[in-house]
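# Geometric and topological summary
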Amino acid sequence: MPLFARRLKAARLRSNFSQEGLGVAAGVDEFSASARINQYERGKHTPDVLMSTHLAQALGVPLSYFWAVDDDEAELLRLYHTLGVRMRKQALRSIQDLAAPK
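If you're wondering where the values come from, they're calculated on a predicted model, not measured in any experiment. (Residues numbered from 1 in each chain as written. Predicted model: local features only at pLDDT ≥ 70, side-chain atom pairs only at ≥ 80, totals over all residues. Heavy atoms only, no water.)

### Here's the deal with the environment of R88
Mapped onto the secondary structure, R88 falls in helix α6 (residues 85-99). A residue is classified by how much of its surface remains accessible, and R88, at 25% relative accessible area, is partly exposed. Spatially, the C-alpha atoms of R88 and L59 are 19 Å apart, while their sequence positions differ by 29 residues. With residues up to four places along the chain from it excluded, the contact list for R88 reads Y80, H81 and L83. (Helix = DSSP H or I, 4+ residues; strand = E, 2+ residues; numbered from the N terminus. Buried < 20%, exposed > 50% of the residue type's maximum accessible area, 1.4 Å probe, protein only. Contact = heavy atoms within 4.5 Å.)

### With respect to the packing of aromatic side chains
A complete count under the given rule lists four aromatic pairs for this structure. Summarising the aromatic geometry, the rings of F4 and W67 are spaced 5.1 Å apart at their centres and angled 40° between planes, so their arrangement reads as tilted. On the criterion of sequence distance, the pair formed by F4 in helix α1 (residues 3-14) and W67 in the loop between α4 (49-59) and α5 (71-82) is long-range, its members being 63 residues apart. Centre to centre, the rings of Y65 and F66 are 5.8 Å apart; their planes meet at 65°, and the pair counts as edge-to-face. For the pair shown, Y65 and F66 are each scored as buried. Aromatic ring contacts, followed pair by pair, group F4, Y65, F66 and W67 into a single cluster. (Phe/Tyr/Trp six-rings, centres within 6.5 Å; stacked < 30°, edge-to-face > 60°.)

### With respect to the nonpolar core
Formed by 18 residues in total, the largest nonpolar core has its most connected members in L8, L55, L59, V61 and F66. It is α4 that provides the largest number of residues to this core, a total of four residues. (Core = buried A, V, L, I, M, F, W, Y, C linked by side-chain atoms within 4.5 Å.)

### Let's talk about the packing of α1 against helix α3 (residues 33-42)
At a minimum axis separation of 6 Å, α1 and α3 run at an interaxial angle of 125°. In terms of axis orientation, α1 runs oblique to α3. On α3, the residues touching A5, L8, K9 and R12 of α1 are I37, Y40, E41 and R42. Here the contact of α1 with α3 is built from residues that sort into four nonpolar, no polar and four charged. (Axes fitted to C-alpha atoms, helices over the stretch in contact; angles between N-to-C directions. Parallel < 35°, antiparallel > 145°, perpendicular 65-115°, else oblique. Nonpolar A, V, L, I, M, F, W, Y, C, P; charged D, E, K, R; others polar.)

### Concerning the pattern of salt bridges
When their charged atoms lie close together, side chains carrying opposite charge are able to pair. Counted according to the given criterion, the structure contains four salt bridges. A salt bridge links D71 to R6; its shortest N-O distance comes to 3.1 Å. Placement of D71 in helix α5 and of R6 in helix α1 is noted, with a sequence separation of 65 residues between them. For R78, the salt bridge is made with E75, and the minimal N-O distance between the two is 2.7 Å. One end of the pair, R78, and the other, E75, are both in helix α5, three residues apart, so they sit about a helical turn from each other. Classification of R78 as buried rests on a relative accessible area of 16%. Since its relative accessible area comes to 31%, E75 is described here as partly exposed. (Salt bridge = Lys/Arg side-chain N within 4 Å of Asp/Glu carboxyl O.)

The structure is reproduced here in structure tokens:
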């Protein structure tokens, strides 16, 4: 299964959206929403950047989550996106400390 398709399905299931519900939330006509999301999740089609942005917004994930090559990196991006500004700065400082040469 292609990376985008796998991440889209995982994010949709985590958000408790049906395929139709996600499509409608992303601005797809309700009569074709389920079929379009199904095609994206099977990897038959990949949405353009604008639709990918709408899907990311509906799912509460950053756009980069869909294309991060490493699963751990994708999870970090997803979790970072859920934090408020102050917590993001704290998380960034913690990661900088961990990555600093010793």
